[in-house]
Amino acid sequence: MVPRKRLLITRRLTEAVLARIGRDYEGVLNTDDRPLTGDEIVARAEGCDGVICAPGDPLDGDVVSRLPDSVRAIATFSVGYDHLDVAAAKQRGIRAFNTPGVLTDSTADITLLLLLGAARRAFEGQRMLRAGQWAGWTPTQLLGRSLAGKRLGILGMGRIGNAVAHRARAFELEIHYCNRHRLGADRELGATFHTSPRELMRGADFFSLHCPATPETHHFLDAERIDWLPDHAIVVNTARGAVVDDAALIDALRSGRIAAAGLDVFEGEPDVHPGYRALDNVYILPHMGSATIETRDAMGHRALDNLDAFFAGRNPPDSIE
Ligand code: DGY
């Protein structure tokens, strides 16, 4: 019998995924789910053929360069892979995989939740109720912003951007987007294409970020670009915290230049810039975009599909280079 491959699983995964790992692999598990340091990952990977890692794991160039030679594949339990130095892995001949496609809907759902939460002042309403401070309905209490007829600017019209557009149409938002490539009419569905972020942003009552964190997009939304947005625009970020310059956005939220923000991701997670916590006009969630049972199961299965294919000598569906 062929010995089972050994996998380091850096975080606790869902029951269904752990069951499949237990059936098909020898799993080295992180049962208490404490984030591992780089040194711990290197040590626990000893004798492993592959690693399943996750956002927040410090798989930078140094850690990847110190992984044991036995490691031939790394599958990240995520679509984003800014926590994994793919070039360093490639240099060592380690293949890398992610899980695109399976978290599109849940991330788009949470984008709409943030957009609505920010526009309709959900945080302030919740707080008032929970503190027992609601004195009853009044005509001017917690007035937010309507969606219908406004423009939603989507930066990055990949799978998630598209799914956001699909949902936003039901709220009668006008869809505008900027993307490396213009979509075909069958996918654009009447959305307006802009050739530059600046052109997109200057009319965007709502602005939603859907671009990966790369050196090129680092702090994309800085003070200069915030100024491209109309007065009282609402910003939503379910992509990565690093695409926003927190200090600049906090200044703009404080002054009211930006009416509100809905944020699911933060630079330097799990730390959150303290400026956000002090503001009433931010609706924040702890990186929950893909946090449904169905999606997390699907992500785990997708990671395993990639590893199964790789170890069986087949073509894995989601190679990242
Ligand atoms: C991802 O997959 O990149 C998400 O941020 C995790 O939910």
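About the criteria used
Once a new chain begins, its residue numbering starts again from 1 and follows that chain's sequence as written. For this predicted model, a pLDDT threshold of at least 70 governs which residues receive local features, and a threshold of 80 or more governs which side-chain atom pairs are given and counted, while totals over whole chains, interfaces and linings are taken from all residues. Just so you know, side-chain values use all the structure's heavy atoms and leave hydrogens and water out. Here an axis means a line fitted to C-alpha atoms, over the contact stretch when the element is a helix, while the angle between two N-to-C directions is reported on a 0 to 180 degree scale. Counting from the N terminus, the helices are DSSP H or I runs at least four residues long and the strands are E runs at least two residues long. Working rule for angles: under 35 degrees goes down as roughly parallel, over 145 as roughly antiparallel, 65 to 115 as roughly perpendicular, anything else as oblique. Less than a right angle of anticlockwise turn of the near helix away from the far helix marks a crossing as left-handed, whereas a clockwise turn marks it as right-handed. In what follows, residue pairs with any heavy atoms lying within 4.5 Å of each other are defined as contacts. Put simply, a residue is near a molecule or strand once any heavy atom of it comes within 4 Å of that molecule or strand. Any N or O atom pair separated by 3.5 Å or less is treated as a polar contact, with the protein-specific requirement of one donor-capable and one acceptor-capable atom, and with residues adjacent in sequence counted only for side-chain atom pairs. Per-residue accessibility takes into account occlusion by the displayed protein chains alone, with areas from the Shrake-Rupley method and a 1.4 Å probe. Side-chain classes follow a simple rule in which Ala, Val, Leu, Ile, Met, Phe, Trp, Tyr, Cys and Pro form the nonpolar group, Asp, Glu, Lys and Arg form the charged group, and the remainder, Gly included, forms the polar group. Here the term buried applies to any residue with accessible area under 20% of the maximum for its type, exposed to any over 50%, and partly exposed to those in between, with areas from a 1.4 Å probe on protein chains only. By definition, two strands form a pair when at least two bridges between them are found by DSSP. Place the viewer so that the strands point away; then a crossover is right-handed whenever the path from the first strand over the helix to the second strand goes clockwise. Throughout this description, the term nonpolar core refers to a set of buried Ala, Val, Leu, Ile, Met, Phe, Trp, Tyr and Cys residues connected via side-chain atoms within 4.5 Å. Where each domain begins and ends follows an automated or database-derived domain assignment. Summed over both partners, the accessible area lost on bringing two parts together, with a 1.4 Å probe, is the buried area. We define a salt bridge as a contact between a side-chain nitrogen of Lys or Arg and a carboxyl oxygen of Asp or Glu at a distance within 4 Å.

Running from amino to carboxyl end, helix α5 (residues 104-119) crosses helix α7 (residues 159-170) at an angle of 50 degrees, the nearest separation of the two axes being 8 Å. Between α5 and α7, the angle falls in the class oblique. Every pair of crossing elements has a handedness; the one defined by α5 and α7 is right-handed. Only Arg159, Ile160, Ala163, Val164, Arg167 and Ala168 of α7 make contact with α5, whose side of the interface consists of Thr104, Asp105, Thr107, Ala108, Asp109, Thr111 and Leu112.

Contacts to the ligand come from Ser78, Val79, Gly80, Leu103, Arg240, His287 and Ser290. Contact between the ligand and Arg240: an oxygen atom at 2.7 Å from a side-chain N or O atom of the residue. Here the ligand has 230 Å² of accessible area as a free molecule, and 90% of this is covered by the chains. Looking at the shell around the ligand residue by residue, the classes come out as two nonpolar, four polar and one charged.

Attention shifts here to the pairing of strand β4 (residues 73-76). The alternating pattern of β4 places Ala73 and Ala75 on one face and Ile74 and Thr76 on the opposite face, and all of these are buried. As paired elements, strand β3 (residues 50-53) and β4 share four bridges and run parallel to each other. Considered in β4, the bridge of Gly50 is made with Ala73. The parallel pair β3 and β4 is bridged by helix α3 (residues 61-66), and the resulting crossover is right-handed. Pairing of β4 with strand β5 (residues 95-97) involves three bridges; the strand directions are parallel. For Ile74, the partnering residue across the bridge sits in β5 and is Ala96. Note on the crossover from β4 through helix α4 (residues 86-91) to β5: the handedness is right-handed.

This brings us to the nonpolar core. Counting residues in each nonpolar core, the largest one holds 29 residues, and the members touching the most others are Phe207, Leu209, Leu221, Leu229, Leu249, Ile258 and Tyr276. Secondary structure elements with two or more residues in this core: α9 (197-201), β9 (206-209), β10 (233-237), α11 (246-255) and β11 (258-263). Of all the elements, α11 adds the most residues to this core, at five residues. Apart from the residues lying within four places of it in its own chain, the contact partners of Leu221 are Met201, Phe207, Leu209, Ile226, Leu229, Val235, Val243, Val244 and Asp245. In this structure, Ala108, Ala118, Ala168 and Leu285 belong to the second largest nonpolar core, which totals 28 residues.

Under the domain assignment, the chain is made up of domain 1 (6-102 + 292-311) and domain 2 (104-284). A straight line from the C-alpha centre of domain 1 to that of domain 2 covers 31 Å. Counting residues at the interface gives eight residues for domain 1 and five residues for domain 2. Each partner contributes to the roughly 520 Å² buried at the junction of domain 1 and domain 2, and carbon and sulfur atoms together form 48% of this total. Interface area lost by domain 1 to domain 2 is led by Asp82, Gly101 and Thr295, which between them contribute 58%. Taken together, the connections running from domain 1 to domain 2 amount to one salt bridge. Across the pair Arg240 and Asp82 runs a salt bridge, and its minimum N-O distance is 2.8 Å. Inspection of the domain 1/domain 2 interface yields three residue pairs in polar contact (both at pLDDT 80 or more). Counted by class, the side of domain 1 that touches domain 2 contains three nonpolar, four polar and one charged residues.

Among the structural elements, Arg314 can be located in the loop between α13 (293-311) and β13 (319-320). Residues Arg314 and Glu40, 274 residues apart in the sequence, show an inter-C-alpha distance of 31 Å. Apart from residues lying up to four places away in sequence, Arg314 is in contact with Asp308 and Ala309.

Take the side chain of Thr111 next. Examined against the element boundaries, Thr111 turns out to sit in helix α5. Taking the relative accessible area as the measure of exposure, Thr111 reaches 0% and is therefore buried. Among the polar contacts listed, one links the side chain of Thr111 to the side chain of Thr238, at a separation of 3.0 Å. Not counting residues within four places of it along the chain, the set of residues in contact with Thr111 comprises Val164, Ser208, His210, Val236 and Thr238.

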